[in-house]
Amino acid sequence: MRVVVDYNLCDGNGLCAAVAPDLFEVDEDDQLHVLDERPGAALWDLAEDAAQACPKMAISIEEQR
Ligand code: SF4
């Protein structure tokens, strides 16, 4: 799995980081950072939850492993 963020869509509201703080972080300038683009299997469900929580639909999950 690979986590991909479309930064043109992201507005830095931090909802993904609230759901999955091990995967996403929003800095003091409201810039989102993906902490782990290729998370281990233990975090896949959280990554999916974060993608669904994003109101901008900015997070894509690529399934190739
Ligand atoms: S939830 Fe979506 S819009 Fe909000 S910070 Fe995360 S990727 Fe960006």
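Along every chain, residues carry numbers that run from 1 in the direction the sequence is written. With pLDDT at 70 or above as the cut-off, local features in this predicted model cover only qualifying residues; side-chain atom pairs require 80 or more to be listed or tallied, and sums for whole chains, interfaces and linings still use all residues. As a rule here, side-chain values come from all non-hydrogen atoms in the structure, and water together with hydrogens is ignored.

With an unreviewed UniProt entry as reference, the protein chain is termed Ferredoxin, source organism Salinispora arenicola. Of the protein chain, the UniProt comment under Function (unreviewed entry) reads exactly: "Ferredoxins are iron-sulfur proteins that transfer electrons in a wide variety of metabolic reactions." Quoted straight from UniProt, the Cofactor (unreviewed entry) entry for the protein chain says "[3Fe-4S] cluster". UniProt positions are given in the numbering used here, feature names are shortened, and annotations may be inferred rather than shown by experiment.

Salt bridges, as used here, are contacts in which a Lys or Arg side-chain nitrogen is within 4 Å of a carboxyl oxygen on Asp or Glu. Summed over all chains, the structure comprises 3 salt bridges. The salt bridge involving Glu37 is made with Arg2; its shortest N-O contact spans 4.0 Å. One end of the pair, Glu37, is in the loop between strand 3 (32-34) and helix 2 (44-53); the other, Arg2, is in strand 1 (residues 2-5), with 35 residues separating them in the sequence. We call a residue buried when its accessible area falls under 20% of the maximum for its residue type, exposed when it is over 50%, and partly exposed in between, using a 1.4 Å probe and counting protein chains only. For Glu37, a relative accessible area of 40% puts it in the partly exposed group. Overall, Arg2 belongs to the partly exposed group, its relative accessible area being 26%. Between Lys56 and Asp11 there is a salt bridge, with the nearest N and O atoms lying 3.8 Å from each other. Linking Lys56 in the loop between helix 2 and strand 4 (59-62) with Asp11 in the loop between strand 1 and helix 1 (15-19), this pair joins segments that are 45 residues apart in sequence. When salt bridges that share partners are traced, they join Arg2, Glu37 and Glu62 into one network. Each helix is a run of H or I in the DSSP string that is no shorter than four residues. Each strand is a run of E no shorter than two, and both are numbered from the N terminus.

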